[in-house]
Amino acid sequence: KAGVTQTPRYLIKTRGQQVTLSCSPISGHRSVSWYQQTPGQGLQFLFEYFSETQRNKGNFPGRFSGRQFSNSRSEMNVSTLELGDSALYLCASSLGQGRGAFFGQGTRLTVV
Amino acid sequence: QQQVKQSPQSLIVQKGGISIINCAYENTAFDYFPWYQQFPGKGPALLIAIRPDVSEKKEGRFTISFNKSAKQFSLHIMDSQPGDSATYFCAASGDSGGGADGLTFGKGTHLIIQP
């Protein structure tokens, strides 16, 4: 069974630009969550989608948004990038209820 | 406010020894407590998880001990091996009615197993 796939693996963007990250969950998993990992703040929850609906949201500004498609694939978007948005963005999928979450390898975003 | 406090920040254990990592939480609504292992350049991998209705759960060399009254839980790695050298994260989540909340993670423990 294929794991969680995130694309691209690496991104370099300029401050002020926007970026879209993609996540394909494990087959059959309907819940997709996104996390930001930085050395200073650690792993922080961004938001969670289930059956195309955002169920939960972390404490991040509105520049961070996401969506989920009918095939459970998910994208997250960050607009007006700031230097502090440089981080490893991780996607996790689970069967439901956010438990037993399996993570992808992440997308390393660098904002210059 | 850090809702899950993890200690120690780093840990060195001799091969064959027991590695112990501790976490404490504040939110009594948490009802799911997983541990994750992360190697450099990889995403976190789910190791083992526990719910508050049991005090201990064992899977192979990994054991979670849970103390609901003290709001503490710990990971024990028995017979630690060099391949266990990684960063370990405890986490917790609850359910505020809209499906499970996102995971709240501890800051991580960098574990080194010396051969």
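(A) Representation of the side chain of Asp84(B) within the structure. Among the structural elements, Asp84(B) can be located in the loop between β8 (72–77) and β9 (86–92). Apart from the residues lying within four places of it in its own chain, the contact partners of Asp84(B) are Gln37(B), Arg61(B), Phe62(B), Ile77(B), Asp79(B), Leu111(B) and Ile113(B).

(B) Examining the sheet that holds strand β7 (residues 62–67) of chain B more closely. All names here are of chain B. The sheet built from five strands is open, its strands ordered β1-β3-β8-β7-β6 with antiparallel pairing. The two strands at the open ends of the sheet, each matched to only one other strand, are β1 (4–7) and β6 (56–59). Taken over all neighbouring pairs, the strand axes of this sheet differ in orientation by 15° on average, direction set aside. Across six bridges, the pairing between β7 and β8 is antiparallel. Bridging from a neighbouring strand, Ile64 pairs with Leu75 of β8.

(C) Looking closely at the state of the cysteines. Residue and element names in this part refer to chain B. Here the structure, examined in full by the defined rule, presents two disulfides over all chains. With its sulfur 1.9 Å from that of its partner, Cys23 forms a disulfide with Cys90. Judged by the torsion about the S-S bond (-95°), the Cys23/Cys90 disulfide is left-handed. A residue pair is termed long-range when its members are at least 10 positions apart, and Cys23 in strand β3 (residues 19–25) and Cys90 in strand β9 qualify at 67 residues.

(D) Structural detail: the pairing of β9(B). Residues and elements named next belong to chain B. Among the seven residues of β9, six are classified as buried, and the element is accordingly described as predominantly covered. As paired elements, strand β4 (residues 33–38) and β9 share four bridges and run antiparallel to each other. By the bridge assignment for β9, Gln37 is matched with Tyr88. The pairing of β9 with strand β11 (residues 109–114) spans three bridges and is classified as antiparallel. If you follow Ala86 over to β11, its bridge partner there is Leu111. Of the strand pairs in this sheet, β9 and strand β10 (residues 104–105) are connected by two bridges, and their pairing is antiparallel. Note that in β10 the partner of Ala91 across the bridge is Phe105.

Cut-offs used in this document
- Residues numbered from 1 in each chain as written.
- Chains lettered and ligands numbered in written order.
- Predicted model: local features only at pLDDT ≥ 70, side-chain atom pairs only at ≥ 80, totals over all residues.
- Heavy atoms only, no water.
- Helix = DSSP H or I, 4+ residues; strand = E, 2+ residues; numbered from the N terminus.
- Contact = heavy atoms within 4.5 Å.
- Pairing = 2+ DSSP bridges.
- Axes fitted to C-alpha atoms, helices over the stretch in contact; angles between N-to-C directions.
- Disulfide = S-S within 2.5 Å.
- Buried < 20%, exposed > 50% of the residue type's maximum accessible area, 1.4 Å probe, protein only.

So yeah, pure geometry; function would need other evidence.
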